[in-house]
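# Results of the structural survey
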Amino acid sequence: MENIYRFKKRMVYPEKLSLDQVTDKSSTTAASSWCSGPLERYTKIDINSDSTIRVKSANVQSDAREKNRSPSLENVAATTTANRQFIQDRIRHLVDAFSTRAQAARERIETPATPSSISSRETIEPTSVPHKPKLSTSETSVEVVPQTKTKSNFVYKNIKYVLDNKIIDPNGKVYITWMSIAAMSVMYNAWVIPLRSTFPYQTPQNRPVWMAFDYIADFVYFIDMILIQPRVKYLHEGFWVTDMAQLRHNYIKKKAFKLDLISLIPLDLLYFVLGPDRVILRFPRFFKLHTFREFFSFVDKLLANPYVIRITRTLMYMMYLIHLNACAYYAFSDWQGIGSNNFVFDGVNNAYIKCFYFATKTATSIGKNPKPTQEIEYMFMTFSWLMGVFVFALLIGQIRDIISTATRSKTEYRKLVDETLEYMRRLNLPQDMQKRVQMWFNYTWETQHTLDENNIMDCLPHKMKTDIAINVHIHTLSKVKLFADCDEALRRELVLQLKSVIYLPGDIICKKGDVGKEMYIIQSGKVQVIGRTENEVLATLSEGSVFGEISLLGIPGMNRRTADVRSQGHSNLFVLSKADLNSALSHYPEAQELLNKKAKMLMKKNAALERKHNAMIIIDNPTPPPKQAKLLDTVLQVVAPDSKTNRLLRYGSRGKPRGRPENDRFKYRNSLPSIKNYGSIERTFQTKVTVHRTMS
Ligand SMILES: Nc1ncnc2c1ncn2[C@@H]1O[C@@H]2COP(=O)(O)O[C@H]2[C@H]1O
């Protein structure tokens with residue numbers, strides 16, 4: 001409405017303005033105005049269906065006649081001509097204004113600017129106006145009439161579209177919801193028809209209520225057959241068939257259609273002949289039991305934990321068989337005569353509860369049953385027992401299978417843990433080690449619910465496995481710098497090669513000096529890179545960090561682990577083997593370069609740390625431990641410094657010093673600093689060698 005109002009405002013005021021102008025202008029003219037007496041009387045604006053305006057100006061013709069008749073009236077005639085010209089101009093202007101407005105109205109009708117129409121335009125053909133809007137001088141009729149028509153037309157078209165083209169996805173929520181409604185209707189009929197046919201639970205007083213439920217269930221059957229099943233899409237040669245004609249044809253071909261059709265046979269029309277209490281006439285409704293089975297198999301496929309549903313279904317079958325047996329027992333008792341002997345129902349207490357109790361005892365062979373007295377009773381009991389033995393054994397077996405399938409992996413896990421612990425006990429391994437193994441089992445099971453996560457998806461196609469792996473690990477992978485910067489294809493290639501491993505607190509993941517065979521990505525937990533001593537932590541790495549790659553990169557002289565890496569708490573890691581990494585990197589040199597860069601950077605950092613560490617040692621210990629005078633020193637102290645013996649002792653057969661004489665500790669034997677600093681010099685020298693080795 002607001003739109004219409006706005007539109008009116010926009011469209012109406014310009015014309016009003018024009019008309020006002022006309023009135024003003026005409027009032028300044030001495031001659032009669034275009035809307036004064038005679039003009040108003042004779043001027044007609046006729047808008048035909050094409051929105052064109054035809055103007056009949058009777059007054060113009062009459063003026064002409066008067067001019068011919070009386071030439072003395074020249075002045076009047078001149079004025080009339082001017083008026084005529086003026087009127088024609090005005091009319092032309094009016095025609096233009098109307099045409100513009102009509103055009104705008106037409107456009108508006110053809111493209112209603114509502115959000116729903118905008119979205120539906122993509123699926124529904126553009127709404128065409130069935131009849132051209134009839135325009136009239138009345139503004140209301142111009143705006144409102146076509147709008148209403150368009151709206152109703154639009155709703156009708158939408159409903160028709162839904163009915164004609166709505167395809168139902170067999171895995172979608174709509175279908176499952178509908179199937180649950182249909183399954184409930186089938187259940188209702190399956191339980192209630194035998195109940196009302198045997199027990200006296202339908203009375204003339206409650207009959208309308210029963211019938212109301214009956215026909216609601218029948219309505220569901222009908223809608224299912226007419227509207228739902230013929231729209232369920234199906235797969236043909238790997239493609240979803242969505243063509244309505246084909247879907248209909250496919251449903252009609254199916255056995256389910258025949259059963260649905262039979263289930264709707266209106267035998268209950270015979271109520272008019274046989275009486276409305278012959279509920280057994282509704283027995284064709286049983287033919288739709290397949291819907292109930294179908295519903296359960298759908299739910300089974302959809303649910304993450306279908307075992308509950310499977311057990312429920314089997315229990316329902318059991319209950320239903322007991323229900324049927326209870327109905328049969330009551331019918332039999334009724335036929336024999338209620339309370340006529342010890343075997344039949346005695347008519348005391350609630351009939352259904354007592355019969356159900358009898359049927360349960362018979363079917364499960366639990367408890368003492370009344371002894372049959374007649375042949376027919378023997379036959380009844382034999383049949384009940386047989387049903388109990390075969391059918392119930394089958395159903396109970398099914399329940400056992402369902403439970404064992406549900407708990408299979410847990411059972412296997414327990415078996416494996418028991419075997420491993422037993423093996424370790426036999427070998428008399430230390431208690432501590434046994435405890436750690438048990439801890440590993442417990443933690444792995446708790447976090448992964450399997451001991452071999454890597455093999456779970458082995459049966460899936462490669463592409464699907466990759467998609468799942470990417471999806472599962474996306475959180476960790478998004479944090480891995482290496483993966484973030486590299487090609488998407490490399491990422492997909494690597495992700496499948498990742499194997500999941502768990503480390504316990506304090507476990508050494510890499511040992512310095514070992515040959516590197518795999519690298520690691522931290523999925524969760526923290527690891528520490530250890531320096532020279534156990535307590536020196538060079539770095540603590542967390543989720544998304546990569547380590548252990550340096551020794552895999554084939555950098556000359558660096559194929560061994562450069563540091564110890566220890567798990568700080570429980571760590572879940574991805575392991576990537578050297579072969580897998582290298583085969584992937586061979587196609588992606590940029591990633592290789594990135595890793596190399598990172599490796600070199602880490603090496604530089606480690607070398608710098610080590611240098612710093614050594615410098616600290618020098619500063620910390622400027623004084624070496626007191627040096628004990630050795631035999632040579634003692635001798636040198638007593639021998640004259642310039643004697644030949646001294647020279648021989650100091651320089652050997654060369655007889656003179658080599659290199660820098662000031663560094664000669666023997667020449668300046670009293671020079672304490674040189675002697676005192678000897679230890680530091682020696683250590684510095686050693687450090688240089690170490691750093692050099694590390695760098696190389
Ligand atoms: N200073 C450091 N900071 C972080 N990580 C390091 C450091 N030094 C070594 N590493 C990692 O520890 C790993 C030990 O095995 P690699 O030498 O194969 O690769 C090493 C690096 O990934």
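Everything quoted here is computed from the prediction, not taken from an experiment.

### What about the site of the ligand?
Close contacts around the ligand come from 14 residues, with Gly-548, Glu-549, Ser-551, Thr-562 and Asn-606 the closest. Note that an oxygen atom of the ligand is positioned 2.6 Å from one of the side-chain N or O atoms of Ser-551. The side chain of Arg-561 places a nitrogen or oxygen atom 2.9 Å from an oxygen atom of the ligand. Protein contacts shield 98% of the accessible area of the ligand, which totals 460 Å² for the unbound molecule. It is helix H22 (residues 589–620) that provides the largest number of residues to the shell around the ligand, a total of three residues. Residues of the shell around the ligand, tallied by class, amount to seven nonpolar, four polar and three charged.

### Quick word on the sheet that holds strand S10 (residues 546–547)
One open sheet holds the four strands; their spatial order is S5-S12-S7-S10, and the pairing between them is antiparallel. Both outer strands of the open sheet, strand S5 (499–503) and S10, are each paired with one neighbouring strand and no more. Of the strand pairs in this sheet, strand S7 (residues 518–524) and S10 are connected by two bridges, and their pairing is antiparallel. Its bridge partner being in S10, Ile-521 is matched across the sheet by Val-546. Taken strand by strand, helix H21 (residues 578–585) contacts S7 and strand S12 (571–577), and its axis lies near 60 degrees from that of S12.

### Describing the pattern of salt bridges
Per the stated rule, a full pass over the model turns up 17 salt bridges. With its nearest N and O atoms 3.0 Å apart, the salt bridge here joins Asp-277 to Arg-207. Taken as a pair, Asp-277 in the loop between helix H11 (271–274) and helix H12 (289–302) and Arg-207 in helix H8 (residues 207–228) lie far apart in primary sequence, 70 residues in all. Notably, a salt bridge pairs Asp-224 with Lys-288, separated by 2.6 Å at the nearest N-O pair. Taken as a pair, Asp-224 in helix H8 and Lys-288 in the loop between H11 and H12 lie far apart in primary sequence, 64 residues in all. Note on accessibility: Asp-224 and Lys-288 belong to one class, buried. The network of salt bridges with common partners includes Arg-196, Asp-214, Asp-218, Asp-268, Arg-282 and Arg-285.

### Details of H12
In a regular helix each residue adds 1.5 Å, so 14 residues correspond to 20 Å; H12 covers 21 Å between its end C-alpha atoms and thus fits that length. Every buried residue of H12 is accounted for by His-290, Thr-291, Phe-292, Phe-295, Phe-296, Phe-298, Val-299 and Asp-300. On its buried face, H12 is in contact with helix H7 (173–198), helix H10 (255–263) and helix H13 (307–336).

### Thoughts on the packing of aromatic side chains
Counted by the stated rule, this structure contains 24 aromatic pairs. Centre to centre, the rings of Tyr-175 and Phe-298 are 5.4 Å apart; their planes meet at 90 degrees, and the pair counts as edge-to-face. Residue Tyr-175 is found in helix H7, and its partner Phe-298 is found in helix H12; the two are separated by 123 residues along the sequence. Relative to Phe-343, the ring of Tyr-329 lies with its centre 6.1 Å away and its plane at 90 degrees, an arrangement referred to as edge-to-face. Taken together, the residues Tyr-329 in helix H13 and Phe-343 in the loop between H13 and helix H14 (351–364) connect sequence positions 14 residues apart. Like Tyr-329, the residue Phe-343 is buried in the burial classification. Counting every residue linked through ring pairs, the aromatic cluster contains Phe-199, Tyr-201, Tyr-330, Phe-345, Tyr-352 and Phe-356. Taking the ring centre of Tyr-221 as reference, the NZ or CZ of Lys-288 above it sits at 5.7 Å.

### A few points about unusual backbone geometry
Residue Glu-237 is not a glycine yet carries a positive backbone phi of 50 degrees. By secondary structure assignment, the location of Glu-237 is in the loop between strand S3 (234–236) and strand S4 (239–241). The class of Glu-237 is exposed, set by a relative accessible area of 70%. Positive phi, close to 65 degrees, is recorded for Asn-349, a residue that is not glycine. Relative to the helices and strands, Asn-349 is located in the loop between H13 and H14.

### Observations concerning the packing of H7 against H12
Contact geometry for H7 and H12: axes closest at 8 Å, N-to-C directions at 140 degrees. By the angle class used here, H7 and H12 are oblique. As for the relative orientation of H7 and H12, their crossing is left-handed in sense. On H12, the residues that touch Tyr-175, Ile-176, Met-179, Ser-180, Ala-182, Ala-183, Val-186, Met-187 and Ala-190 of H7 are Leu-289, Thr-291, Phe-292, Glu-294, Phe-295, Phe-298 and Leu-302.

### Topic: the confidence of the model for the chain
Taken as a whole, the chain shows an average pLDDT of 73; of its residues, 67% reach a score of 70 or greater. Considering only residues more than four positions removed or in separate chains, one finds that residues 109–146, a stretch of pLDDT under 50, has 41 contacts. Across residues 659–696, where pLDDT falls below 50, the model places 39 contacts with residues more than four positions away in sequence or in other chains. Here the prediction assigns the complex a pTM of 0.50, and the interface score ipTM is 0.97.

### Brief notes about the UniProt feature "transmembrane region" (unreviewed entry) in the chain
Sites flagged by UniProt as "transmembrane region" (unreviewed entry) map to residues 174–193, 209–228, 315–332 and 378–399. In residues 209–228, the share of helix is 100% and the share of strand is 0%. The end C-alpha atoms are 27 Å apart. Strand forms 0% of residues 378–399 and helix 100%; the C-alpha atoms that close the span are 31 Å apart.

Cut-off values and rules
- Residues numbered from 1 in each chain as written.
- Predicted model: local features only at pLDDT ≥ 70, side-chain atom pairs only at ≥ 80, totals over all residues.
- Heavy atoms only, no water.
- Near = heavy atom within 4 Å.
- Polar contact = N/O pair within 3.5 Å; in protein donor to acceptor, adjacent residues only side chain to side chain.
- Areas by Shrake-Rupley, 256 points an atom, 1.4 Å probe, with all protein chains shown as cover.
- Helix = DSSP H or I, 4+ residues; strand = E, 2+ residues; numbered from the N terminus.
- Nonpolar A, V, L, I, M, F, W, Y, C, P; charged D, E, K, R; others polar.
- Pairing = 2+ DSSP bridges.
- Contact = heavy atoms within 4.5 Å.
- Axes fitted to C-alpha atoms, helices over the stretch in contact; angles between N-to-C directions.
- Salt bridge = Lys/Arg side-chain N within 4 Å of Asp/Glu carboxyl O.
- Buried < 20%, exposed > 50% of the residue type's maximum accessible area, 1.4 Å probe, protein only.
- Expected span 1.5 Å × (residues − 1).
- Phe/Tyr/Trp six-rings, centres within 6.5 Å; stacked < 30°, edge-to-face > 60°.
- Lys NZ or Arg CZ within 6 Å of the ring centre and 35° of its normal.
- Parallel < 35°, antiparallel > 145°, perpendicular 65-115°, else oblique.
- Left-handed = near helix turned anticlockwise from the far one by under 90°.
- pLDDT = per-residue confidence, 0-100.
- UniProt positions renumbered as here; feature names shortened; annotations may be inferred.

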